[in-house]
Every structure is written in structure tokens, then in C-alpha cells.
Amino acid sequence: LMTGFDPFNGNTANPSWMAAQTLPERVGDYEVHKLQLPTVYGQAAQMVINFAKQLQPDVILCLGLAGGRAAVTPERVGINIRSASIPDNAGQQFTDAPIVPGGPAAYFSTLPVTAMAAAIREAGVPGAVSNTAGTYVCNDVLYTLCYHFAGMKTRVGFIHVPWLPQQAKEGAAGMPLEDIIAALTAAIEALG
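Here is a short report on the structure shown in this document. Please read these numbers as outputs of a predicted model, since none were measured by experiment.

Let's talk about the packing of aromatic side chains
Point 1. Throughout the structure, instances matching the rule amount to six aromatic pairs.
Point 2. Ring geometry for tyrosine 41 and tyrosine 136: centres 5.8 Å apart, planes at 85°, overall edge-to-face. Taken together, the residues tyrosine 41 in the loop between strand S4 (34-37) and helix H2 (43-55) and tyrosine 136 in the loop between helix H3 (113-122) and helix H4 (137-149) connect sequence positions 95 residues apart. Neither tyrosine 41 nor tyrosine 136 differs from the other in exposure class; each is buried.

Pasting the structure below:
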């Protein structure tokens, strides 16, 4: 199951969803099912959980936008915090609020993030492991899914993608959609 987000913060497109919907229906050994998520705390992760109940996926790989990053970055960890300078698409804005009150401080992705980043680089695209998924809705989804699927067979992870060149603000990094697709294909093939 691959997800991407709808546009947020006044943008008209989100490269995470553009990339997800452009991927082929099959990559390597995996059949790819796609789901667009709202950029809304709690609601996005719940949509994934509900869809996964029907689909029973082997892997859930969520995509999000990290504007300003120059590489495609598999995320190592999700942390139990909601805190952002902008509201989500439902107008919710949090400062230092837990995602799961009393929950563990953090969860590691259950995907092979180092191998995925290496495969992205081997495909000729900048790739690196990221140790922070931020504290906005992307992290909210990663942490919630790791919490929900802890101890279960479904593996969970998250990858941040850069702006597309036409979206990047002056001086900011951007990456063509075809490079993002090549990176994601390599990352999926590295899942084993």
C-alpha cells in the first residue's frame, strides 16, 4: 500500500501523491495499491488503517513532501509529538502535543531504510536516510502506523520526497518527477 498526501499550506499540488499515482501497478514482486491521504492529523493515519484492514498489505509505504530537501529520504523514526508552525488542512495546529498520550517516545520504521537509501543512490538519484520525519502530519502518520502495526506482520515506513523543480522556491532544491519515480521504484525493489 503506497500513500501520498493532498496539497497543503496553499500549494496546488503535492509531489508525494503525484509520484504515488504515477508509479506502475506492479514494482518488482509487489502489487502497488495507492491511496491519497488528507493532510489532517489523525484522519490520514486512520484512513490507512481502515484501508489496510481490507487490503492486508505486506508493506505500507507512505510518501510525503519535505520541501527544501535535495534527496529522496526514507525515514528511520517516527516520534510521539505533534508540533508545527502551520495548521493542517482541517485548521488544527498543535504545539508539543502527544500523538498517543502515554505511548512510546518513538518507533523505528520496520523497513530496511539504509538499503532503500543505497538502492536510490544506485539508481542514480540522490538518496539518504533521514532521522527526522518532522512533527507535522507526515510524522503523525508514521508514528501512528508504527504504533498500530507494532508486532504485526505488516511492515511500515515513510519516504519524504523533494519539491518538483517548478514548485521549488528560488534557491530551494527540486527534483523531476521521473527521478522521484526512479527512486521509489528502487526503494520498493530493495524491500526484499
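Focus: the environment of leucine 1
Point 1. Relative to the helices and strands, leucine 1 resides in the segment before strand S1 (2-5).
Point 2. The sequence separation of leucine 1 and glycine 174 amounts to 173 residues, and the corresponding C-alpha distance is 25 Å.
Point 3. Setting aside residues up to four positions removed in sequence, leucine 1 forms contacts with His33, Leu35, Val48, Phe51, Leu55, Pro57, Val59, Ile60 and Leu61.

Here we look at the packing of helix H1 (residues 15-22) against helix H5 (residues 177-189)
What describes two packed helices is the angle between their axes and the distance between those same axes.
Point 1. Contact geometry for H1 and H5: axes closest at 10 Å, N-to-C directions at 65°. Between H1 and H5 lies a crossing of right-handed hand. Taken together, the residues of H5 that come into contact with H1 (itself represented by Met18, Ala19 and Thr22) are Leu177, Ile180, Ile181 and Leu184.
Point 2. Looking at the contact of H1 with H5 residue by residue, the class counts come to six nonpolar, one polar and no charged.

So, the sheet that holds strand S5 (residues 59-65)
Point 1. Spatially, the five strands line up as an open sheet ordered S4-S1-S5-S9-S6, and their pairing is mixed. Pairing within the sheet leaves two strands with one partner each, and these edge strands are S4 and strand S6 (73-74).
Point 2. When S5 meets strand S9 (residues 155-161), the two strands line up parallel, connected through seven bridges. Paired with leucine 61 across the strands is glycine 157, a residue of S9.

Remarks on the environment of aspartate 6
Point 1. Here aspartate 6 is to be found in the loop between S1 and H1.
Point 2. Classification of aspartate 6 as buried rests on a relative accessible area of 18%.
Point 3. As for aspartate 6 and leucine 37, which are separated by 31 residues in sequence, their C-alpha atoms are 6.1 Å apart.
Point 4. When sequence neighbours within four positions are dropped, the list of residues in contact with aspartate 6 reads Asn14, Gln36, Leu37, Pro38, Thr39 and Asn89.
Point 5. Reaching out from aspartate 6, the side chain makes a polar contact with the side chain of asparagine 89 at a distance of 3.2 Å.

Describing the nonpolar core
Point 1. Counting 32 residues, the largest nonpolar core has Phe5, Ile60, Val137, Val141, Leu145 and Phe149 as the members making the most contacts within it.
Point 2. Elements that contribute at least two residues to this core include exactly S4, H2, S5, H4 and S9.
Point 3. Considering every element that reaches this core, the biggest residue donor is H4, with eight residues.
Point 4. Membership of the second largest hydrophobic core comes to 27 residues, among which are Ala19, Leu63, Ala187 and Leu191.

Cut-off values and rules
Residues numbered from 1 in each chain as written. Predicted model: local features only at pLDDT ≥ 70, side-chain atom pairs only at ≥ 80, totals over all residues. Heavy atoms only, no water. Phe/Tyr/Trp six-rings, centres within 6.5 Å; stacked < 30°, edge-to-face > 60°. Helix = DSSP H or I, 4+ residues; strand = E, 2+ residues; numbered from the N terminus. Buried < 20%, exposed > 50% of the residue type's maximum accessible area, 1.4 Å probe, protein only. Contact = heavy atoms within 4.5 Å. Axes fitted to C-alpha atoms, helices over the stretch in contact; angles between N-to-C directions. Left-handed = near helix turned anticlockwise from the far one by under 90°. Nonpolar A, V, L, I, M, F, W, Y, C, P; charged D, E, K, R; others polar. Pairing = 2+ DSSP bridges. Polar contact = N/O pair within 3.5 Å; in protein donor to acceptor, adjacent residues only side chain to side chain. Core = buried A, V, L, I, M, F, W, Y, C linked by side-chain atoms within 4.5 Å.

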